[in-house]
Amino acid sequence: MRTLNMQSVLNRLNQEHMSTSIESTIIASTPVLHRLAGKFTTDQSEKEDLVQETFIKSLKSLEKFEHHPKLISWLFVIMKNIYLNRYRRLNVARTAEKEILHQASMREKATNHAESKFVQDDIKASLCSLSEQNYGIFSMYVEGYKYHEIATHYNMKEGTVKTRIHTIRKILKKKLGVYRK
């Protein structure tokens with residue numbers, strides 16, 4: 001049993017030594033990584049970011065390297081994936097931005113101010129055709145007052161207020177029926 005424990009300790013030491021040598025090899029390959037980053041971008045700061053992210057990802061996933069025969073190939077794949085993921089995210093953001101701008105411009109072009117003016121005028125005329133008390137009740141209802149608050153304000157029963165609002169809505173629907181889709 002004692003030899004088994006010694007063997008596991010030796011294996012761990014070998015793995016730690018191998019891991020340390022791989023880490024130092026990765027760090028020593030900085031000039032090569034800079035050249036590889038040049039295949040993806042010409043911007044110097046973007047190259048630096050790409051190399052740094054490649055270091056970080058590679059050091060986080062050293063356990064996956066053991067089965068790869070070439071360190072530089074492995075680092076290149078990591079760098080390529082980082083760059084492609086960044087490019088895809090940027091492309092999705094650009095597409096979304098274009099779509100939002102397109103939708104906004106379509107809304108601006110499609111808005112017919114003359115038509116909306118006619119609609120507003122018709123709504124005002126329909127509301128003005130109501131009695132003063134019904135106009136007040138409906139205005140309070142539209143502003144968000146509760147039935148019991150409207151009833152208290154007009155000294156009515158709550159059921160009466162509900163009936164009046166229902167009737168007013170029917171009248172307005174009939175008068176503004178042209179605009180229903």
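Computed from a predicted model, the values in this text were never measured in an experiment.

Got a minute to help me understand the packing of aromatic side chains in this structure?
Geometry of an aromatic ring pair is reported as the spacing of the ring centres plus the angle between the planes. Per the counting criterion, the structure on display carries 4 aromatic pairs. Ring geometry for Phe138 versus Tyr141: centroids 6.1 Å apart, planes at 35°, classification tilted. With Phe138 and Tyr141 both in helix α6 (residues 132-142) and 3 residues apart, the pair spans about one turn of that helix. For Phe138, a relative accessible area of 12% translates into the label buried. A relative accessible area of 28% places Tyr141 in the partly exposed class. Within the aromatic cluster, the residues linked to one another by ring pairs are Phe40, Phe76 and Tyr83.

It is not clear to me how the pattern of salt bridges should be interpreted in this structure. Could you clarify?
Two side chains that carry opposite charge are able to pair once their charged atoms sit near each other. Counted under the stated rule, the structure contains 2 salt bridges. Glu53 serves as the salt-bridge partner of Arg86, at 2.3 Å between the closest nitrogen and oxygen. In this pair, Arg86 sits in helix α4 (residues 71-110) while Glu53 sits in helix α3 (residues 44-60), placing the two residues 33 residues apart along the sequence. Here Lys162 and Glu158 are joined by a salt bridge, their closest N and O atoms 4.0 Å apart.

Is there a simple way to explain α6 in this structure?
Side chains of residues three or four places apart in an α-helix project in the same direction, reflecting 3.6 residues per turn. Listed in full, the buried residues belonging to α6 are Asn134, Gly136, Ile137, Phe138 and Met140. Note on α6: the residue one or two positions beyond its end, Gly144, has a positive phi of about 105°.

What is the right way to look at a positive patch on the surface in this model?
Together, Lys57, Lys60, Lys64 and Arg89 give the surface a local cluster of positive charge. The topology assignment puts Lys64 in the loop between α3 and α4.

Before we go on, may I ask you to explain the environment of Leu59 in this structure?
Mapped onto the fold, Leu59 is located in helix α3. Spatially, the C-alpha atoms of Leu59 and Ile27 are 9.7 Å apart, while their sequence positions differ by 32 residues.

The rules we used
Sequence order as written defines the numbering, with residues in each chain counted from 1. Totals for whole chains, interfaces and linings use every residue, but because this is a predicted model, local features are given only for residues with pLDDT of at least 70 and side-chain atom pairs only at 80 or more, for both listing and counting. Side-chain descriptors were evaluated using all non-hydrogen atoms of the structure, hydrogens and water having been removed beforehand. Pairing of aromatic rings covers Phe, Tyr and Trp, the last counted by its six-membered ring, and requires centre-to-centre distances within 6.5 Å; plane angles under 30 degrees mean stacked, over 60 mean edge-to-face, and any other angle means tilted. Note on conventions: DSSP H or I runs of at least 4 residues are helices, E runs of at least 2 residues are strands, and numbering of each starts at the N terminus. Partly exposed describes any residue whose relative accessible area lies between the buried limit of under 20% and the exposed limit of over 50%, with all areas from a 1.4 Å probe on protein chains only and scaled to the type maximum. Note on definitions: salt bridges are taken to be side-chain nitrogens of Lys or Arg within 4 Å of carboxyl oxygens of Asp or Glu. Only residues above 30% relative accessible area that lack a salt bridge enter a patch, with like-charged residues linked at up to 9 Å and the nonpolar side chains Val, Leu, Ile, Met, Phe, Trp and Tyr linked at up to 5 Å. Only the protein chains shown count as covering a residue, and every accessible area follows the Shrake-Rupley method with a 1.4 Å probe. Under this rule, positive means Lys or Arg and negative means Asp or Glu; His and the chain ends count for nothing. Positions of charges follow a simple convention, taking NZ of Lys, CZ of Arg, CG of Asp or CD of Glu.

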